[in-house]
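# Working through the structure, step by step
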Amino acid sequence: MTRPAIVFAAALLTRAVYLFAYHPPLESYYLALANSLLSTGVLGLGGAASTDFEPAYPFFLAAATLLFGDRHVSIQLLQACVAAAGAVLLYSLTLRLTASRAAAAWAGAMFALHPLLIRQASAASDLAITTTLLVAFALAFVRVRDVRT
C-alpha cells in the first residue's frame, strides 16, 4: 500500500468513525438549497433565487442526493471521502514543495487526524469541500511551470 493510500485510509477511517459515533445531522439550509435545486432548478429558498450562499456545497449535496436519495449517511460518507482526499492532496503538495516523503507523510497525517477537519467532514457545512478545494488549488498552482501550462 502506498503512502498516499495510507494517508487516505487514515483520513477516511477517522471521519467515518466520527460520523458513526456522533451522527451529526445533515439537515440544514444547505440541504434545503440542494432540494430547491433538484425540485425547481433554483438556488434559493422558497422558490426565489438567492446569491446569499456559495453554490458549490448545495450543488454537491444535490448531486449526492441524486446518487443516494435521502440516505443522509451515504451522502455524509461521500462527503467524508472528498474531505479525506484533502489529506492526499496535502501529502502531494508537501512532497512537491519539500521533496521530503517524511514531511509529506507528516502533513498528510496531521490533516487526517486534525479534530476540526474530522468534525467538518460529515457536518452540514461547506468547509470540508472548501478545504479540499483549497489544497487542490494550491497543488495545481505549484505545478504551474510557465504561463502555458
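Residues numbered from 1 in each chain as written. Predicted model: local features only at pLDDT ≥ 70, side-chain atom pairs only at ≥ 80, totals over all residues. Heavy atoms only, no water.

## Notes on the nonpolar core
- In terms of nonpolar packing, the biggest core is built from 14 residues, with L26, Y30, Y57, F60, L61 and I75 touching the most fellow members.
- Elements represented by at least two residues in this core include exactly α2 (29-40) and α3 (56-68).
- Not counting the four nearest positions on each side in its chain, L61 is found in contact with L26, Y30, L31, A34, I75 and Q79.
- Ranked by size, the runner-up nonpolar core spans 13 residues in total, among them A11, Y91, A112 and L117. (Core = buried A, V, L, I, M, F, W, Y, C linked by side-chain atoms within 4.5 Å. Buried < 20%, exposed > 50% of the residue type's maximum accessible area, 1.4 Å probe, protein only. Helix = DSSP H or I, 4+ residues; strand = E, 2+ residues; numbered from the N terminus. Contact = heavy atoms within 4.5 Å.)

## Quick word on the environment of R119
- Residue placement: R119 occurs in helix α6 (residues 115-120).
- According to the relative accessible area criterion, R119 is partly exposed, its value standing at 47%.
- C-alpha of R119 to C-alpha of L139: the two residues are 20 residues apart in sequence and 24 Å apart in space.

## As for unusual backbone geometry
- Of note in the backbone geometry, H23 takes a positive phi value of approximately 50° without being a glycine.
- Tracing the sequence through the fold places H23 in the loop between α1 (3-22) and α2.
- The exposed category is assigned to H23, whose relative accessible area is 55%.
- The backbone of A99 shows a phi angle near 60°, a positive value even though the residue is not glycine.
- Among the structural elements, A99 can be located in the loop between α4 (72-98) and α5 (101-113).

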